[in-house]
Amino acid sequence: MTGTTSNTTDRESSLPSTAKTVIYDLSTRTLQLHRSVPLPTPDPTRGDHLIRVHTTALCARELEWPFLFPDAIFSDNPERVIIPGYDLGGTVVTAPPASRFRPGDEIYARTPASRSGNCREYTIARTGEMALKPKELDWVQTACVPLSVLTAWQALFVHGGVELEGLVERALGGSGDGGGGGGKKRVLVTAAAGGVGIWLVQLARIAGCEVVAQVGSLENDKFIRALGASQTINYREVGLKQWVDLDSNNEVDIAIDSVGGKTLEESWYCVKDGGTLISIVETPETRRPDGWEQMERKKDLKSLFFIMEPIGSQLTEVSKLIDKGLCEPVVDSVWDLEDIEKAFERLNSGHPRGKVVVKVVG
Ligand SMILES: NC(=O)c1ccc[n+]([C@@H]2O[C@H](COP(=O)([O-])OP(=O)(O)OC[C@H]3O[C@@H](n4cnc5c(N)ncnc54)[C@H](OP(=O)(O)O)[C@@H]3O)[C@@H](O)[C@H]2O)c1
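This write-up is about the structure you can find in this document. Predicted, not measured: the structure shown is a model, and the values here were computed from it. (Residues numbered from 1 in each chain as written. Predicted model: local features only at pLDDT ≥ 70, side-chain atom pairs only at ≥ 80, totals over all residues. Heavy atoms only, no water.)

Surveying the vicinity of the ligand reveals 24 residues, the closest of which are Ala60, Gly195, Tyr235, Met308 and His351. For the ligand, an oxygen atom lies 3.0 Å from a polar atom in the backbone of Gly216. Within the side chain of Tyr235, a nitrogen or oxygen atom sits 2.5 Å from an oxygen atom of the ligand. When the free accessible area of the ligand is taken as 950 Å², the share hidden by the protein chains comes to 86%. Of the residues belonging to the shell around the ligand, the class tally is 13 nonpolar, nine polar and two charged. (Near = heavy atom within 4 Å. Polar contact = N/O pair within 3.5 Å; in protein donor to acceptor, adjacent residues only side chain to side chain. Areas by Shrake-Rupley, 256 points an atom, 1.4 Å probe, with all protein chains shown as cover. Nonpolar A, V, L, I, M, F, W, Y, C, P; charged D, E, K, R; others polar.)

In this structure, the largest pocket spans a volume of roughly 1400 Å³. Looking at the largest pocket, it is lined by 48 residues, and the ones nearest its centre are Cys59, Ala60, Ser258, Ile280 and Val281. Mapped onto the lining of the largest pocket, the elements with two or more residues apiece are α2 (65–68), α3 (70–73), α5 (146–159), β9 (210–215), α12 (340–348) and β15 (355–359). Grouping the amino acids of the lining of the largest pocket by side-chain chemistry returns 28 nonpolar, 16 polar and four charged. If you add up the space inside the second largest pocket, you get close to 570 Å³. What lines the second largest pocket is a set of 23 residues, and nearest its centre among them are Pro40, Glu79, Ser116, Arg120 and Ile124. Looking at the lining of the second largest pocket residue by residue, the class counts come to 11 nonpolar, four polar and eight charged. (1 Å grid on protein atoms, 1.4 Å probe; cavity = no way out; pocket = protein on both sides within 12 Å on 5 of 7 lines; lining within 4 Å. Points joined across faces, edges and corners; volume = space filled by probe spheres on them. Helix = DSSP H or I, 4+ residues; strand = E, 2+ residues; numbered from the N terminus.)

A separate point is the pattern of salt bridges. Two side chains bearing opposite charge may form a pair once their charged atoms approach each other closely. All told, the structure shown has 20 salt bridges when counted by the stated rule. Two residues, Asp87 and Lys355, come together in a salt bridge whose shortest N-O distance is 3.9 Å. Residue Asp87 is found in strand β4 (residues 87–94), and its partner Lys355 is found in strand β15; the two are separated by 268 residues along the sequence. As far as the burial class goes, Asp87 and Lys355 line up, both buried. One salt bridge in this structure joins Arg115 and Glu129, with 2.8 Å as the shortest N-O distance. Of this pair, Arg115 sits in the loop between β5 (106–110) and β6 (122–126) while Glu129 sits in the loop between β6 and β7 (130–132); the two residues are 14 residues apart in sequence, bridging distant segments of the chain. Classification of Arg115 by relative accessible area gives buried; the value is 8%. Under the relative-accessibility criterion, Glu129 is labelled buried at 7%. (Salt bridge = Lys/Arg side-chain N within 4 Å of Asp/Glu carboxyl O. Buried < 20%, exposed > 50% of the residue type's maximum accessible area, 1.4 Å probe, protein only.)

This part takes up the state of the cysteines. Enumeration according to the criterion identifies zero disulfides in this entry. In this structure Cys59 is a free cysteine whose sulfur lies 12 Å from that of Cys119, the closest cysteine sulfur available. Given the relative accessible area of 16%, Cys59 is considered buried. Take Cys270: it sits in no disulfide, and the sulfur closest to it among the cysteines is that of Cys209, at 17 Å. (Disulfide = S-S within 2.5 Å.)

This brings us to the sheet that holds strand β12 (residues 271–279). Strand order in the open sheet formed by six strands is β10-β9-β8-β11-β12-β13, and the pairing between neighbours is parallel. A single partner strand is all that each edge strand has here, and the edge strands are β10 (231–234) and β13 (302–305). Each adjacent strand pair in this sheet contributes to an overall mean axis angle of 15°, direction not counted. Pairing of β12 with β13 involves four bridges; the strand directions are parallel. Bridged to Thr276 within β13 is Lys302. Seen against the sheet, helix α7 (residues 197–206) touches β8 (186–189), β9 and β11 (252–257) and runs at an angle of roughly 165° to β9. (Pairing = 2+ DSSP bridges. Axes fitted to C-alpha atoms, helices over the stretch in contact; angles between N-to-C directions. Contact = heavy atoms within 4.5 Å.)

Turning our eyes to something else, we now look at the pairing of β6. Most of β6 sits out of view: five of its five residues are buried. By the alternation rule, side chains of β6 split into Tyr122, Ile124 and Arg126 and Thr123 and Ala125, which are all buried. Here strand β3 (residues 48–57) runs beside β6; their pairing, made up of five bridges, is antiparallel. What sits directly across from Arg52, in β6, is Tyr122.

With respect to burial, α7 is a largely interior element, nine of its 10 residues being buried. For α7, the set of buried residues is Gly197, Ile198, Trp199, Leu200, Val201, Gln202, Leu203, Ala204 and Ile206. Immediately beyond the C-terminal end of α7, within one or two residues, lies Gly208, with a positive phi of roughly 85°.

Without other data, these values stay purely geometric and don't point to any function.
Rendered as structure tokens:
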């Protein structure tokens, strides 16, 4: 293969020519397992690595993205083939010459949804997306991390204004609470037991924030407190507006919403004047409560929606925290490639605790 390092030769010569691959058929909206799809061809000039996939994980609503955001989803996918699963745990088979990764490296990544995903035996990942996987995790646990942790990391430290400088070093050297880098900010996390929520809770706790977690059951209440929440709200019993109306001390500095709709609308009331409201589901402005501008206690909030970026260097920092035992992935369930439809059914139930993982190669 042109441009790959010489020590890839043996590995390449033993490669099969085809691989099992799940394709989401856009015309019928069905998931189909194909047993002999040609392997993807890495382009070394774009930093492509060929990766043997061990595990991937699914993201809520990902099968809707080609219809909701076609321009973004097909921007780097000229063949318009949707292969689900954008988390990746795998072993490098070939690497471009300039890469810091070598064949045999065990890596993880969130590969962009603008390319085909990782429900297949061989895939492509690019240098800037990849990091060495946490040593302490097995492949199933590894797949639970990238997309969700990057979203949580960027929500808190890039968009939410929680101080990151020196945080990882303090956490590694100390008690694990980050030495108060969060400045005791109060952070509200909705859908706290979900894929992204469990990382928001843990990273905010590591940053020294006070975490208020919204959950839907007593079981999840206990679970999320064990991960670091100091206060919980059961969404089946009390709405967010009602909760903050009961006691204005309940207001938070930062609210991070993973639910959208009415939950996002009511999140507006929960943020202090000057605070920040973030949604990873939809633009908060579209859910601003009616009459907000005229409200007597109108607050000046920064509000934003963002889409996470696949940044390998952030995963490298996360690997350090995980290997030190300061935070951990949560596996909801594990499925074989053959059971991909059942895996999506579980995901679409709306109530996974942590991530739905697909095992590709044992
Ligand atoms: N913008 C981005 O870059 C980005 C990145 C990742 C994900 N996302 C999006 O973020 C959303 C969340 O993703 P995720 O992976 O965290 O989802 P998820 O794992 O499917 O979320 C499941 C959690 O949602 C909770 N939940 C269900 N209905 C709820 C309600 N009405 N109110 C409050 N909580 C409720 C469940 O709690 P109980 O089981 O306790 O009921 C469960 O813990 C998805 O829409 C996803 O597409 C966006």
